[in-house]
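# Results of the structural survey
In case you want the letters, here they are:
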Amino acid sequence: MKKIMFVCLGNICRSPMAQIMFQEIINQNKLNNKIMVDSAATSDYEIGNSIYQPAFQILKQNNYKNIEHKAKQINDQDFANFDYIVGMDKQNIINLKQMCPKKCLQKIHLIYDISATPTNEIKDPWYTNDFQTTFNQLKEILPLWLQKLINELS
Ligand code: 4NP
């Protein structure tokens, strides 16, 4: 079993979108018993809240179902449990590295780390209001993460 956790600032926009979109490609590839995805926030701002309405809408428009979500903050158990902790932007990475137990530091990656443009990031649609760009970026990058995890299954 490979486990990946997507992380953003609030866990109501980018990382739940990533989780739901990644779960969909896990399902399509029948990898439910081999790959597990979850999401969390670096902050405590939105704990317990649902996915933000514009994020919900763009997923719904694109035919995603089961868009249920309750925001949570990453904790030490998550750092221990997950194989990959994947942040959406560079500030997420700075925050994660400050929160992370030393022995888990190597698990932290920027979402574009594994792409041809490793310094790119997914800007916060909470501020840009551009949920279409968030969706397009995730649609492009998530299959690379799935392929990486598939390659690592033993
Ligand atoms: P996210 O967006 O990190 O993509 O979930 C945000 C959501 C809420 C806040 C900031 C960013 N906030 O400040 O409450």
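Residues numbered from 1 in each chain as written. Predicted model: local features only at pLDDT ≥ 70, side-chain atom pairs only at ≥ 80, totals over all residues. Heavy atoms only, no water.

Per an unreviewed UniProt entry, the chain goes by protein-tyrosine-phosphatase and derives from Candidatus Gallilactobacillus intestinavium. As its UniProt record puts it under Catalytic activity (unreviewed entry), the chain is described as follows: "O-phospho-L-tyrosyl-[protein] + H2O = L-tyrosyl-[protein] + phosphate". UniProt lists a comment for the chain under the heading Sequence similarities (unreviewed entry), and it reads "Belongs to the low molecular weight phosphotyrosine protein phosphatase family." (UniProt positions renumbered as here; feature names shortened; annotations may be inferred.)

Before going further, it helps to spend a moment on the sheet that holds strand β3 (residues 84-87). As summarised here, the arrangement of the four strands in space is β2-β1-β3-β4, forming an open sheet in which the pairing is parallel. Sheet topology places β2 (35-41) and β4 (108-110) at the edges, where each strand pairs with a single neighbour. With direction set aside, neighbouring strand axes in the sheet form an average angle of 25 degrees. Two elements, β3 and β4, share three bridges in a ladder whose sense is parallel. (Pairing = 2+ DSSP bridges. Helix = DSSP H or I, 4+ residues; strand = E, 2+ residues; numbered from the N terminus. Axes fitted to C-alpha atoms, helices over the stretch in contact; angles between N-to-C directions.)

With that out of the way, let us pick up the nonpolar core. Among the nonpolar cores identified, the biggest contains 36 residues, and Phe6, Phe22 and Ile111 are the most heavily contacted of them. For this core, the secondary-structure elements that each account for two or more residues are β1 (2-8), α1 (14-28), β2, α2 (53-61), β3 and α6 (131-152). Ranked by residue count, the leading element in this core is α6, at eight residues. Phe6 has contacts with Ser15, Ala18, Gln19, Phe22, Val37, Asp38, Ser39, Ala40, Val86, Met88, Ile111 and Leu142, leaving out every residue within four places of it along the chain. (Core = buried A, V, L, I, M, F, W, Y, C linked by side-chain atoms within 4.5 Å. Buried < 20%, exposed > 50% of the residue type's maximum accessible area, 1.4 Å probe, protein only. Contact = heavy atoms within 4.5 Å.)

The UniProt feature table records "active site" (unreviewed entry) at Cys8, Arg14 and Asp124. These residues run over 117 residues, yet every pair of their C-alpha atoms falls within 8.5 Å of each other. Checked against the element boundaries, Cys8 lands in strand β1. Here Cys8 is in contact with Arg14, Ser15, Pro16, Ala40, Ala41, Thr42, Met88 and Asn92, once residues within four sequence places are set aside. You can see Arg14 is positioned in helix α1.

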